[in-house]
Structure formats: structure tokens, C-alpha cells
Amino acid sequence: MKVVNKNFVVRIYPSKADKNDKGEKIVSIDKIESHIGGYRFIFNKELEYINEFRRLLIQNGYDDKIIVNDSSCNMLLKMLRQDNLFLEKIESSSRQQSQRNLIQAFKNFHNPNLKSKYPQFKSKKNSKDTFRIINNNNNVRIQKDKYGFDKIKLANQGLVKFKTSKEYPNILRQTSNPDDPAAKIKHVTIKKENGAYYAVFNIECVHVPKRIIGPLQQIGIDIGCGKLAVLSNTQEISNLVLTEETDKIIQYQKEMSHHTPGSIRYNEAQRLVNVWFTKLVNKRNDYYNKQADYIVKNCCFVAVQNENIIAWKHNKYLSRSIQLNAPRIFMNQLDYKCDWNEVEFIKIPKSFPSTQICSNCKEKNENLRGWKNIGIREWDCPYCGEHHDRDVNASINILNRGLELVGATGQ
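Residues numbered from 1 in each chain as written. Predicted model: local features only at pLDDT ≥ 70, side-chain atom pairs only at ≥ 80, totals over all residues. Heavy atoms only, no water.

1. Quick word on the overall build of the chain
Basically, it comes down to this: By the criteria applied, helices consist of DSSP H or I runs no shorter than four residues and strands consist of E runs no shorter than two, each listed in order from the N terminus. Accessibility here uses a 1.4 Å probe with only protein chains present; expressed as a share of the type maximum, an area under 20% marks a residue as buried, one over 50% as exposed, and anything in between as partly exposed. Here, two residues are considered to be in contact whenever any of their heavy atoms come within 4.5 Å of each other.
Helix and strand counts for the chain come out as 10 helices and 14 strands. Along the first, second and third principal axes, the C-alpha atoms of the chain reach 80 × 65 × 50 Å. For the chain, the residues scored as buried account for 43% of the 411 residues in total. Counted over contacts in the chain with a minimum sequence separation of 6, partners at least 24 positions apart contribute 66%.

Right under this line is the structure:
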């Protein structure tokens, strides 16, 4: 067993009113929108002050490198609260979390290994509409309202109706019991996505590793475009067929282009785009979760090459497939599932030429190098004459390289 942090996403339904028929305080759409706006306002205002200070330093001949930390931002937040009284209505941990996000953005920018861009202002149209509440003294929990129904209690906002799968409510009720140390809500993130509202619970709980179906295996995985993945045991994981979803999204996007923004027909077409896009994402995530679970249940060692997915997107022949199938999501799911279930997981550097090396004689075939030769799917080794399937050969090389890195013996 291992203590891990899990995220549970539930759909919430804020109301238009602030109180129900029994006089209970409930979460309204206006409250959520005001929290989202305040979250964005604090981030943008503090970034504006920092940019103005950097401009003054440059203007007076000084270096523009400044340290953005808690002490400096706390002073800015105090000034904002004095000048903008509406911020007092926002939950205190939500204000602090917006500030922490700005500090983390500057840390990422100054980290040479991440190559992050300079922090940008959050736009009302293009940014992710979210805010976060930290659970302090059980102020985020599941409790029954006066009608006897389970509702989510959000700090300083009230109760809100929610829906989720059958297994989640029991876990959420367990986290709401302060006497039960097995599970605890760390924080909840409220987000608005495609016109719907969701609550993402971050729960610290004890995870029991999944039952092993068969004998333990050592697996190398080659992530691809035409196929989601090819395993070193010759198994293939095909890409999910998303033709219906993509066709519907394109159809309603064309309808949107023929109508005036804000009109009834435009809004209806936009609603249908959101519906089909949500279906696409949910279908893909469910498929990737099942495939990753199957691999983790049957393996004791997993090696994956840390491919440069961003570079693949710049290729006009691969960009559509990469954006639609999102192989990075599958890799990330494999990573955390292996960590939860105590399966050894290793990433091979992207510079390793897994497709060019013969898995039999270990010699490198230079004729397979570069994008121009990506169409060669089968080849014969010029040194030992072994016939290879390009993807299976690459997955075997990835496995052998992974075993070498951990000090074991390759196949």
C-alpha cells in the first residue's frame, strides 16, 4: 500500500439563486464567476506591478532580474485588498493560490531546464476559468442538505449539487469524516469548461496496488503516430477511432462561421461543438486509462522513450494525428499508474536512436535516419540480415536500453 494523491472530477450544478427553499446558503453561478474573475484579477494586477517595476529598473540602468517570492507578493496582495474591496468576498485560500501560481510561473521562467516563456496576462476569453480552495479545518466536504441529499460544501459559498460515477460518492463521504485518517481532501479546484462547471478534488489516500493478472513481464513501449504504441512482446495498441466526433465538431464549427456571434443559432452550434468535444476527450481518456491499467497489471518493468511530441506537431503530415490522439496523455497516465502500483518505470532519452539499431546485432543502420525515411516500416539489417518490423524493433531496443540504465541484463 502507498499514500498517493488522486484527482476526482465531479460535475457540479450551481443555481441562479443564493438560497434554497429551506433558507440554506447555496452556490450560485454569480459566486463562481466572481471567484474566477477575482482569481484572474489578482494574477494580472500583481504581474502588472512586477512588469512596471522591471521597466523602472531598465529605465534607470539596472538589471531587470528581480526575485518574485512570497514576501514581495504578499505586500502586493495586501495593497490590492485595500484598493479593491470586492476581493474580500473571495475565499482567502483562493486569493493566495492565485499568487502562488504567479510565483511558480516566474520560477519556471528562470529555470533553464524548463524553457518556459515569461508569464503572460490571463485573458478572459482564452484563459482557463478556474479557482482553487484549500481544505482548512474541513471547510470543503460532503454533507447532507435539509432535504437529505448529498451536496458539496464549499468554504464561504454554501452547498452545491453534484453528479459523478457510482464509486466516487463513497470515497468523498469518507474524506468528509475528520476521524477517518485513510483519506483526506487536500484542495478542490472549480473549473468552467465548455459551458459546464466541474469540481476537481485532490485527495490524499491509501492506494492498494492492482492485482496482477498473469506472470510479470518486462516491457518496452514505442510511442507512435499511426499506432498509439507497440510493445516489445509484439502487441500493438491501435489509435482510437474518433471519426464521428471529429466530423461533428467540424460540422458545427462550420455552422458557427455562418452565423453572427451571439445569435441564437451561433450559440446553439457552439453548444453542440462543446458537447461533441467533451465526448471526444472523455472517450479518449477512458480508452487510455484502460490500456494503461492493462499494461501496469501485467508488468514489473516499463521502459518508454521520452519522445519530443512538440517537434512532431511541426510536421504537417503528423500534426493532425498527434493533436487528435495526444500520445503524451497516454505516457503521463502510464507514469503515474506505475508509480502508484510500484512498477518500475523509466524514460529513455529522446536522443537514443531506437529505430535505427538492430536489436539482434546492435549495429546502427544509417539508412533509416531522418524524416524522409519514416515511411520505411520493415527493413533487413545490412550486417546480420535479420528482418525487422520498425516499431517492434524500436520497442525491443527501448526495453534493452532501459534495462541497461537500471543495471539489468537486456533481452
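2. So, the nonpolar core
Selection criterion: Side-chain atoms within 4.5 Å link the members of a nonpolar core, which is a set of buried Ala, Val, Leu, Ile, Met, Phe, Trp, Tyr and Cys residues.
Within the largest apolar cluster, 32 residues are counted, with the highest numbers of intra-cluster contacts made by Ile-221, Ile-295, Val-302, Val-304, Phe-330 and Leu-334. Elements that contribute at least two residues to this core include exactly β8 (217-223), β9 (227-231), α5 (243-257), α6 (264-298), β11 (299-305) and α9 (327-340). When residues in this core are grouped by element, the largest group, 11 residues, is from α6. Of all hydrophobic cores here, the second largest spans 26 residues; its members include Ile-32, Ile-133, Leu-154 and Ala-199.

3. Focus: the packing of helix α2 (residues 70-83) against helix α3 (residues 92-110)
So the rule is basically this: Axes here refer to lines fitted to C-alpha atoms; in helices the fit is confined to the stretch in contact. Angles between the N-to-C directions go from 0 to 180 degrees. The cut-offs work like this: below 35 degrees is roughly parallel, past 145 is roughly antiparallel, 65 to 115 is roughly perpendicular, and the gaps in between are oblique. If you view the pair so one helix is near and one far, a crossing is left-handed when the near helix is turned anticlockwise from the far one by less than a right angle, and right-handed when it is turned clockwise. Gly is put with the polar residues, along with every residue not named as nonpolar or charged; the nonpolar set is Ala, Val, Leu, Ile, Met, Phe, Trp, Tyr, Cys and Pro, and the charged set is Asp, Glu, Lys and Arg.
Interhelical geometry of α2 versus α3 gives an angle of 135° and a closest axis separation of 11 Å. Judged by the angle between their axes, α2 and α3 are oblique. Pair α2 / α3 crosses with right-handed handedness. Side by side, α2 and α3 meet where Asp-70, Cys-73, Asn-74, Leu-77 and Arg-81 of the first sit next to Arg-95, Gln-99 and Ile-103 of the second. Of the residues contributing to the contact of α2 with α3, the split by class is 3 nonpolar, 2 polar and 3 charged.

4. What about the sheet that holds strand β12 (residues 344-348)?
For clarity, the threshold we go by: Two strands are said to pair when DSSP picks up at least two bridges between them.
The sheet built from 5 strands is open, its strands ordered β10-β9-β8-β11-β12 with mixed pairing. Taken across any chain shown, the strands that pair with only one partner, and hence form the sheet edges, are β10 (236-238) and β12. Neighbouring strand axes in the sheet, compared pairwise and without regard to direction, differ in orientation by 20° on average. The pairing of β8 with β11 spans 5 bridges and is parallel. Paired with Ile-221 across the bridge in β11 is Val-304. Of the strands in this sheet, β8, β9, β10, β11 and β12 are in contact with α9, which crosses β12 at around 145°. Helix-sheet contacts for helix α10 (residues 390-405) involve β8, β9, β11 and β12, and the interaxial angle to β8 is about 125°.

5. Re the environment of Ser-354
Using the following cut-off: The definition of a polar contact used here is a pair of N or O atoms within 3.5 Å, where within protein one atom must be able to donate a hydrogen and the other to accept one, and adjacent residues in sequence count solely through side-chain atom pairs.
With respect to the element layout, Ser-354 can be found in the loop between β12 and β13 (378-380). Residues Ser-354 and Lys-364 lie 10 residues apart in sequence; the distance between their C-alpha atoms is 9.3 Å. If near-sequence neighbours (up to four positions away) are discounted, Ser-354 is found in contact with Gln-305, Asn-393, Ala-394, Asn-397 and Ile-398. One polar contact links Ser-354 to Gln-305, side chain to side chain, over a distance of 2.8 Å.

6. Examining the sheet that holds strand β6 (residues 183-193)
Strand order across the open sheet formed by 7 strands is β2-β6-β7-β1-β5-β4-β3, with antiparallel pairing between neighbours. Every interior strand has two partners, whereas the edge strands, β2 (129-134) and β3 (141-144), have only one. Neighbour-to-neighbour, the strand axes of the sheet open up by a mean angle of 40°, direction not taken into account. Note that β2 and β6 share 6 bridges and pair antiparallel. Each bridged residue has a counterpart across the sheet, and for Asp-129 the counterpart in β6 is Lys-192.

7. Considering α9
Worth spelling out the cut-off: Expected helix span is computed as 1.5 Å times (number of residues minus one).
Here α9 is 14 residues long and its end C-alpha atoms lie 20 Å apart, about the 20 Å a rise of 1.5 Å per residue gives. Considered for burial, the residues of α9 that qualify are Pro-327, Phe-330, Met-331, Gln-333, Leu-334, Lys-337, Cys-338 and Trp-340.

8. Focus on a nonpolar patch on the surface
Cut-off, in case you're wondering: The patches described consist of residues with a relative accessible area above 30% and no salt bridge, like charges being joined within 9 Å and nonpolar side chains (Val, Leu, Ile, Met, Phe, Trp, Tyr) within 5 Å. Per-residue and other accessible areas follow the Shrake-Rupley method at a 1.4 Å probe size, with only the shown protein chains counted as cover for residues. Here, a salt bridge means any Lys or Arg side-chain nitrogen found within 4 Å of an Asp or Glu carboxyl oxygen.
There is a patch of nonpolar side chains on the surface, built from Met-1, Val-3, Val-206 and Val-208 and spanning about 420 Å² of accessible area. The partly exposed category is assigned to Val-206, whose relative accessible area is 39%.

9. A closer look at the layout of surface pockets
For clarity, the cut-off: Every definition here rests on a 1 Å grid over the protein atoms only: cavities are sets of points where a 1.4 Å probe fits but cannot get out, pockets are open sets enclosed by protein on both sides within 12 Å along at least five of seven lines, and lining residues have some atom within 4 Å of a point. Grid points are joined across faces, edges and corners, and a volume is the space filled by probe spheres set on the points.
There is about 2000 Å³ of room inside the largest pocket. Of all the secondary structure elements, the ones that give two or more residues to the lining of the largest pocket are β1 (2-13), α4 (168-175), β6, β7 (196-207), α6 and α9. Looking at which element gives the most residues to the lining of the largest pocket, the answer is α6, with 10 residues. Along the lines of polarity and charge, the residues of the lining of the largest pocket split into 17 nonpolar, 14 polar and 13 charged. Every element with two or more residues in the lining of the second largest pocket is listed here: β8, β9, α7 (309-313) and α10. By residue class, the composition of the lining of the second largest pocket is 11 nonpolar, 9 polar and 10 charged.

10. Notes on the pattern of salt bridges
Applying the stated criterion across every chain, the model contains 20 salt bridges. A salt bridge links Lys-337 to Asp-293; its shortest N-O distance comes to 3.1 Å. Highlighted residues: Lys-337 in helix α9 and Asp-293 in helix α6, separated in sequence by 44 residues. Of the two residues, Lys-337 and Asp-293, both sit in the buried class. A salt bridge links Glu-366 to Lys-364; the nearest nitrogen and oxygen atoms lie 4.0 Å apart. When its relative accessible area of 34% is taken as the criterion, Lys-364 is described as partly exposed.

11. Some details on the state of the cysteines
Test applied: Note that a disulfide, as used here, is simply two cysteine sulfur atoms within 2.5 Å.
For the structure shown, the criterion picks out 0 disulfides. Here Cys-300 stays free of any disulfide, with the sulfur of Cys-299 as its closest cysteine sulfur at 7.3 Å.

12. Details of the packing of aromatic side chains
Quick note on the threshold: Each Phe, Tyr or Trp ring, with Trp reduced to its six-membered ring, pairs with another whose centre is within 6.5 Å; inter-plane angles below 30 degrees give stacked pairs, above 60 give edge-to-face pairs, and intermediate values give tilted ones. The rule for a charge over a ring is simple: NZ of Lys or CZ of Arg within 6 Å of the ring centre, and within 35 degrees of the ring normal.
On inspection of all chains with the given rule, the structure shows 7 aromatic pairs. Centroid distance Phe-106 to Tyr-118: 5.4 Å. Interplanar angle 90°. Geometry classified as edge-to-face. With Phe-106 in helix α3 and Tyr-118 in the loop between α3 and β2, this residue pair connects regions lying 12 residues apart in the sequence. Consider the rings of Tyr-287 and Tyr-288, whose centres lie 6.0 Å apart with planes at 50°: the pair is tilted. Here the two residues Tyr-287 and Tyr-288 agree in accessibility, since each one is buried. Among the aromatic residues, ring-to-ring pairing joins Phe-106, Phe-109 and Tyr-118 into one connected group. The ring of Tyr-198 carries Arg-11 above its face, with NZ or CZ at 5.8 Å from the centroid. It is Lys-122 that lies over the ring of Phe-43; its NZ or CZ is 4.6 Å from the centre.

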